[in-house]
Amino acid sequence: AEEGTCGDASLGVRRWAMSSTWNKLVNLVIRPPRAQYDPNEHLPGPRFRIAGVTHVRRDIDLPGADGLTLKCSHYEPEVRGNDPLPCVIYLHGNSGSRCDATEAIRLLLPARITVFAVDLGGSGMSEGEYVTLGVRETKDVECIVNHLRDQGLTSKIGLWGTSMGAVTAIMYANRDPSIAGVVLDSPFSSLPKLMLELVAQFTKGSRVGVPKMAARMALSFVRSSVKSRAKFDINDLDLRKVAPSTFCPALFAHGKDDDFIPPHHSETLHELYAGDKNYVAIDGDHNSPRPAFFFDSTVIFFCNVLDPPPTSYQAGAMGRGSANGLGPPVGAIRGRDPGGRDVDRRGS
């Protein structure tokens, strides 16, 4: 009887541990910590000089997926001239916001490339209760692209995404062959695969482990919970099925020591990707500040695929240090990464 009691207790502890782990994972996926910020304090502008040119921030409310209002900012020269300019849409991670576009603003505006930053649905100041790691966010990007096209002031469009934003970028580029190029920083290749890896990480070193078979069974309950609450299927987020039919040029990047989304996810997508592609391995983890050579590579990439008007700007000139007159260092805003750790938000 005592053995049975101990066995029942052990089973109860194991079930509690699994329930706690999977509940944590569900919230990590669809309701991570939401970025909090004051646009007047934490966004560049509304008028600022960078590389000797006056630029402006134009704040816009756009209807996004499911009719949710998206809070957006378009950064462009105050005096544009008559010719359309190329634009890069910056797409943040799952606990990020448009504040994370600072590096893109600093690097691309001097190259005569405008930057469109957005709080995707369920993030930052935009409407929405949940994030969907690329499913609804892809529709948000479609709304932004349509807005830019309707204005008639934008020539070519590129996407720069980090983590969830990178997943969103490749999914949208697969739908829209007019996208000129994508920069993909730390995407996952398969959400179900990533979730199983995170469970192993959460329970690593614990006396109450989660057997692989039990974890796979529990994954089906997570799938049902996410479907019920956030109205999407985690099985739809398998980019291994998307990459082989996506053709626009792509620059992949991933931190070598990323223990949240391991580098093999980007490596797999890079191998499967159908278009022109390059891969940059970066020292650091998921939220580490990106080095100057990555930013230089990104500027060169976008200049090649977007063909902006001629300028005296050279890659690397703005890739180190802060931009003069850009305003408060948005990258220094305190936030929380998808794992719940305090970090300096620098586009990760």
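Let me begin by describing the structure that accompanies this report. (Residues numbered from 1 in each chain as written. Predicted model: local features only at pLDDT ≥ 70, side-chain atom pairs only at ≥ 80, totals over all residues. Heavy atoms only, no water.)

### Some thoughts on the pairing of strand β1 (residues 47-50)
Here is step 1: Here β1 shows one buried face, formed by F48 and I50, and one open face, formed by R47 and R49.
Here is step 2: Where β1 and strand β2 (residues 53-63) come together, four bridges link them in antiparallel fashion. Bridged to F48 within β2 is H55.
Here is step 3: Linkage of β1 to β2, two consecutive antiparallel strands, is achieved through a turn of two residues, within which A51 is found at a positive phi near 55°. (Buried < 20%, exposed > 50% of the residue type's maximum accessible area, 1.4 Å probe, protein only. Helix = DSSP H or I, 4+ residues; strand = E, 2+ residues; numbered from the N terminus. Pairing = 2+ DSSP bridges.)

### Observations regarding the state of the cysteines
Should the sulfur atoms of two cysteines be covalently bonded, the bond is a disulfide.
Here is step 1: Going through the model one piece at a time under the given rule, you end up with zero disulfides.
Here is step 2: Of the cysteine sulfurs around C143, a residue in no disulfide, the closest is that of C72, at 9.5 Å.
Here is step 3: Judged by its relative accessible area of 25%, C143 falls in the partly exposed class. (Disulfide = S-S within 2.5 Å.)

### Considering the packing of aromatic side chains
Here is step 1: Summed over all chains, the structure comprises seven aromatic pairs.
Here is step 2: When the centroid spacing of 5.8 Å and the interplanar angle of 70° are considered together, the rings of Y90 and W160 count as edge-to-face. Of this pair, Y90 sits in strand β4 (residues 85-91) while W160 sits in strand β6 (residues 154-162), and the two are 70 residues apart along the sequence. Residues Y90 and W160 agree in their burial class; the two are buried.
Here is step 3: Grouped by ring-pair contacts, the aromatic residues Y90, W160, F294, F295, F301 and F302 constitute a single cluster. (Phe/Tyr/Trp six-rings, centres within 6.5 Å; stacked < 30°, edge-to-face > 60°.)

### Overview of the nonpolar core
The nonpolar side chains of soluble globular proteins are, as a tendency, buried together.
Here is step 1: Among the nonpolar cores identified, the biggest contains 60 residues, and I89, F116, V182, F188, L191 and F232 are the most heavily contacted of them.
Here is step 2: Excluding residues that lie within four positions of it along the chain, F116 makes contacts with I60, L62, C72, S73, H74, C87, V88, I89, Y90, I144, H147 and L148.
Here is step 3: Ranked by size, the runner-up nonpolar core spans 32 residues in total, among them Y37, W160, L251 and V305. (Core = buried A, V, L, I, M, F, W, Y, C linked by side-chain atoms within 4.5 Å. Contact = heavy atoms within 4.5 Å.)

### Brief notes about unusual backbone geometry
Here is step 1: The residue after G45, namely P46, is reached through a cis peptide bond having omega 20°.
Here is step 2: Structurally, P46 is set in the loop between α2 (39-42) and β1.
Here is step 3: A positive phi is found at R112, a non-glycine position, where the angle reads about 65°.
Here is step 4: Of the residues examined, R112 reaches a relative accessible area of 23% and is grouped as partly exposed.

### What to know about the environment of R106
Here is step 1: By secondary structure assignment, the location of R106 is in helix α3 (residues 102-108).
Here is step 2: In this structure, the C-alpha to C-alpha distance between R106 and A51, residues 55 residues apart in sequence, is 9.0 Å.

### Overview of the sheet that holds strand β7 (residues 181-185)
Here is step 1: Taking strand neighbours across the sheet as the criterion, the nine strands line up as β1-β2-β3-β5-β4-β6-β7-β8-β9 in an open arrangement whose pairing is mixed. Of all the strands in the sheet, the pair left with one neighbour each is β1 and β9 (277-282). Shown here is a sheet whose adjacent strand axes are inclined to one another by a mean of 20°, direction ignored.
Here is step 2: Contacting β8 (250-255) and β9, helix α8 (residues 264-272) runs over the sheet at an angle of about 165° to β9.
Here is step 3: Each of β4, β6, β7, β8 and β9 touches helix α9 (residues 292-306); the most contacted strand, β6, lies at about 150° to it. (Axes fitted to C-alpha atoms, helices over the stretch in contact; angles between N-to-C directions.)

### Topic: the packing of helix α4 (residues 135-151) against helix α5 (residues 164-175)
Here is step 1: At a minimum axis separation of 9 Å, α4 and α5 run at an interaxial angle of 65°. Where α4 crosses over α5, the handedness of that crossing is right-handed. Only M164, T168, M171, Y172 and R175 of α5 make contact with α4, whose side of the interface consists of E137, T138, K139, V141, E142 and V145.
Here is step 2: Class assignment for the residues of the contact of α4 with α5 results in five nonpolar, two polar and four charged. (Left-handed = near helix turned anticlockwise from the far one by under 90°. Nonpolar A, V, L, I, M, F, W, Y, C, P; charged D, E, K, R; others polar.)

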